[in-house]
Amino acid sequence: TRVKGRELCAYNVAQAGKLLLHVAYEPMGRIGIGASAYFSPLHHAALRLMSERIVAATGFTGQISFDAMETPDGLVALECNPRGTSGVHLAVQQPAALAAALLGQRMDPAPDFFPEPRLLQLPLFLSHPSWWLGADGRRRLHASQDALTAAGVPWGAQLRALAEMAGRAIRAGVSIPAASTSDIEWNGEPIGG
């Protein structure tokens with residue numbers, strides 16, 4: 001059954017079932033059908049509660065991300081990724097809080113943790129060039145800031161990373177988005193031992 005509503009995402013870091021960091025956003029400008037390249041940050045109590053309950057029930061430690069659909073009847077969980085996802089681009093906007101969480105400590109982010117939407121300008125440009133032409137896209141672009149630049153990653157490093165991913169994509173015969181996640185995806189295939 002297809003669930004309709006507003007899609008929401010959460011990126012979390014947990015230690016022994018305790019939520020140390022929670023970032024919630026509405027994904028926009030997806031790269032293909034996967035990762036978001038435009039993040040509209042939000043505070044969503046039900047999404048945080050869902051994250052807390054799943055982390056607590058499983059005693060989870062590490063990075064864990066959720067996709068959910070907000071419907072008139074409440075949240076419907078769509079997907080769980082027990083790894084980092086594109087939501088880390090929002091979490092890195094507050095590097096001290098992210099670093100503390102990854103080291104097993106809780107540090108509440110500053111109240112203005114997300115002053116405006118964030119985007120991945122280079123991937124968004126490559127996957128959605130029409131955003132630069134349409135009025136709605138230009139409005140979103142002007143209302144946001146590049147997540148990597150804001151986190152201190154210079155354009156030269158971003159271009160080198162893109163070139164490296166393009167090289168991996170060519171060698172593997174896959175798209176650049178597929179190459180960018182090939183080393184962190186697990187889709188149920190047997191794990192060799």
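The structure this text deals with has already been given above.
The present account deals with the structure reproduced in this document.

**Details of unusual backbone geometry**
1) Next: Look at Ala16: it is not a glycine, yet its phi comes out positive at around 50 degrees.
2) Next: Summarising the element assignment, Ala16 is placed in the loop between strand 1 (6–15) and strand 2 (18–30).

**Concerning the nonpolar core**
1) Next: Tyr11, Leu21 and Leu124 are the most contacted members of the largest nonpolar core, which totals 23 residues.
2) Next: Counting residues per element, the ones that place at least two in this core are strand 1, strand 2, strand 3 (36–41), helix 2 (88–91) and helix 3 (95–102).
3) Next: The leading source of residues in this core is strand 2, at 5 residues.
4) Next: Ranked by size, the runner-up nonpolar core spans 13 residues in total, among them Leu19, Leu42, Phe60 and Ile64.

**Concerning the sheet that holds strand 2**
Pairing between sheet strands relies on hydrogen bonds along the backbone, with the strands arranged either parallel or antiparallel.
1) Next: The strand order across the open sheet built from 7 strands is 5-4-1-2-3-6-7, with neighbouring strands paired in mixed fashion. At either end of the open sheet lies a strand with only one pairing partner, and these are strand 5 (74–81) and strand 7 (145–146).
2) Next: As defined by bridge partners, strand 2 adjoins strand 3 across 5 bridges and the pair is classed as antiparallel. Residue pairing across strands places Arg30 opposite Ser36, the latter belonging to strand 3.

**Quick notes on the packing of aromatic side chains**
1) Next: Taken as a whole and judged by the stated rule, the model has 1 aromatic pair.
2) Next: Judged by centre distance (5.2 Å) and plane angle (75 degrees), the ring pair of Tyr25 and Phe39 falls under edge-to-face. With Tyr25 in strand 2 and Phe39 in strand 3, the pair connects residues that are 14 residues apart, well separated along the chain. No difference in accessibility class separates Tyr25 from Phe39, as the two residues are buried.

**Quick word on the pattern of salt bridges**
1) Next: A full pass over the atoms with the stated rule returns 7 salt bridges.
2) Next: The salt bridge partner of Arg139 is Asp136, with a shortest N-O separation of 2.4 Å. Of the two residues, Arg139 and Asp136 are both situated in helix 5 (residues 135–142); the distance of 3 residues between them amounts to about one turn of the helix.
3) Next: With a closest N to O distance of 3.0 Å, Glu164 and Arg168 form a salt bridge. Taken together, the positions of Glu164 and Arg168, both in helix 7 (residues 155–172) and 4 residues apart, correspond to about one turn of that helix.
4) Next: Owing to a relative accessible area of 23%, Arg168 belongs among the partly exposed residues under this scheme.
5) Next: Via salt bridges that share partners, Arg6, Glu26 and Glu70 belong to a single interconnected network.

**Description of the pairing of strand 2**
1) Next: Counting buried positions along strand 2 gives 11 out of 13 residues, so the element sits mostly inside the fold.
2) Next: Where strand 1 meets strand 2, 7 bridges bridge the pair, whose relative direction is antiparallel. Residue pairing in the sheet places Val13 in a bridge with Leu21 of strand 2.
3) Next: Taken together, strand 1 and the strand that follows it, strand 2, pair antiparallel across an intervening segment of 2 residues, in which Ala16 is found at a positive phi of about 50 degrees.

Rules used in this analysis
- Residues numbered from 1 in each chain as written.
- Predicted model: local features only at pLDDT ≥ 70, side-chain atom pairs only at ≥ 80, totals over all residues.
- Heavy atoms only, no water.
- Helix = DSSP H or I, 4+ residues; strand = E, 2+ residues; numbered from the N terminus.
- Core = buried A, V, L, I, M, F, W, Y, C linked by side-chain atoms within 4.5 Å.
- Buried < 20%, exposed > 50% of the residue type's maximum accessible area, 1.4 Å probe, protein only.
- Pairing = 2+ DSSP bridges.
- Phe/Tyr/Trp six-rings, centres within 6.5 Å; stacked < 30°, edge-to-face > 60°.
- Salt bridge = Lys/Arg side-chain N within 4 Å of Asp/Glu carboxyl O.

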